[in-house]
Amino acid sequence: DTAVSQTPKYLVTQMGNDKSIKCEQNLGHDTMYWYKQDSKKFLKIMFSYNNKELIINETVPNRFSPKSPDKAHLNLHINSLELGDSAVYFCASSPGTFSYEQYFGPGTRLTVT
Amino acid sequence: KQEVTQIPAALSVPEGENLVLNCSFTDSAIYNLQWFRQDPGKGLTSLLLIQSSQREQTSGRLNASLDKSSGRSTLYIAASQPGDSATYLCAATQGGSEKLVFGKGTKLTVNP
């Protein structure tokens, strides 16, 4: 049973397109996150939702819009894709905010051509 | 602002050796520090979580320590095996937030 799943695993698209990445967790966690890992493997947080409410919003272009339809899902929609958006995007979840372990999904490798 | 540094960036050891991975952080007002393992092309696997009130955590051959006063954590791996080869990431929360700030990782290679 996959705890945190993401779809798709790979996404290749052209500049200017709009795409979405979906994330689902079956752990019953209240908090979900989106991270970006760039070509140098540096991992940085983008967004965090707790009980469907946005609690962390890092300095991310507003072309990126997260949406949480319910506690178990956190999707990431990206408008007008740019070459620099190419990266691996990871979803994660934790039981709550603060002192809790985070569990990561397998990642979505986005390539913008 | 929290900054996390991991040294060395890469480490190669023979099988069976005990080894230590280092992590330092600039903001000691952390809620917790977490060690992860990342295999090539895969997601992150949580190894150990140390709460700010704890000094160490152990899981099998892994032991992680935390010294907030010096801003340092170490991950000790006993009797290393080729299957331990991976990139190990350290992440500390930023003061007043549950936001995890990651180091750039140590790529470990254990040679048979």
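The structure displayed is predicted, hence computed values, not measured ones. (Residues numbered from 1 in each chain as written. Chains lettered and ligands numbered in written order. Predicted model: local features only at pLDDT ≥ 70, side-chain atom pairs only at ≥ 80, totals over all residues. Heavy atoms only, no water.)

Q: Help me out: how do you make sense of the overall build of chain B in this one?
A: Helix and strand counts for chain B come out as zero helices and 11 strands. What you see in chain B, going N to C, is helices and strands ordered as β-β-β-β-β-β-β-β-β-β-β. Against the globule reference of 13 Å for 112 residues, chain B gives a C-alpha radius of gyration of 13 Å, in line with a compact fold. The C-alpha extent of chain B, read off along each of the three principal axes, is 45 × 25 × 20 Å. The buried share of chain B, reckoned over its 112 residues, is 48%. Sequence-distant contacts in chain B: of pairs separated by 6 or more residues, those separated by 24 or more amount to 55%. (Helix = DSSP H or I, 4+ residues; strand = E, 2+ residues; numbered from the N terminus. Rg over C-alpha atoms; globule rule 2.2 N^0.38 Å. Buried < 20%, exposed > 50% of the residue type's maximum accessible area, 1.4 Å probe, protein only. Contact = heavy atoms within 4.5 Å.)

Q: Honestly, unusual backbone geometry in this entry has me stumped. Any pointers?
A: In this structure, Pro-8 of chain A follows Thr-7 of chain A across a cis peptide bond, with omega equal to -5 degrees. As for its position among the elements, Pro-8 of chain A is in the loop between strand E1 (4–7) and strand E2 (10–13). Look at the link from Ile-7 of chain B to Pro-8 of chain B: it is a cis peptide, with omega at 0 degrees. In this fold, Pro-8 of chain B is placed in the loop between strand E1 (4–7) and strand E2 (10–14). For Asn-51 of chain A, which is not glycine, the phi dihedral falls at a positive 50 degrees.

Q: Mind showing me how you'd approach the nonpolar core here?
A: For soluble globular proteins, nonpolar side chains are generally found buried alongside one another. Within the largest apolar cluster, 24 residues are counted, with the highest numbers of intra-cluster contacts made by Leu-33, Trp-35, Leu-75 and Tyr-88 of chain B. Residues within four places of Leu-33 of chain B in sequence aside, it is in contact with Cys-23, Phe-25, Leu-48, Leu-49, Ile-50, Leu-66, Ser-73, Cys-90, Ala-91 and Ala-92 of chain B. By size, the runner-up hydrophobic cluster in this structure holds 19 residues, among which are Val-4, Ile-21, Cys-23 and Leu-81 of chain A. (Core = buried A, V, L, I, M, F, W, Y, C linked by side-chain atoms within 4.5 Å.)

Q: For this particular structure, what's the right way to read the interface of chain A and chain B?
A: Interface size is commonly expressed as the accessible surface area that is lost when the partners come together. Counting residues at the interface gives 21 residues for chain A and 20 residues for chain B. The junction of chain A with chain B conceals about 1700 Å² of combined surface from both sides, 56% of it contributed by carbon and sulfur atoms. The tally of links from chain A across to chain B stands at one salt bridge. Joining chain A to chain B, the criterion identifies four residue pairs in polar contact (both at pLDDT 80 or more). Residue assignment for the side of chain A that touches chain B shows that the elements contributing at least two residues are strand E4 (31–37), strand E5 (43–50) and strand E6 (53–57) of chain A. Classifying every residue of the side of chain A that touches chain B gives 12 nonpolar, six polar and three charged. (Buried area = accessible area lost by both parts, 1.4 Å probe. Salt bridge = Lys/Arg side-chain N within 4 Å of Asp/Glu carboxyl O. Polar contact = N/O pair within 3.5 Å; in protein donor to acceptor, adjacent residues only side chain to side chain. Nonpolar A, V, L, I, M, F, W, Y, C, P; charged D, E, K, R; others polar.)

Q: It is not clear to me how the pairing of E1 of chain A should be interpreted in this structure. Could you clarify?
A: On a regular strand, one side chain projects to one face of the sheet and the next to the other, so that they alternate. All names here are of chain A. Going residue by residue along E1, you find Val-4 and Gln-6 tucked away on one face and Ser-5 and Thr-7 left uncovered on the opposite face. Pairing between E1 and strand E3 (residues 19–25): four bridges, direction antiparallel. Bridging across to E3, Ser-5 finds its partner in Glu-24. (Pairing = 2+ DSSP bridges.)

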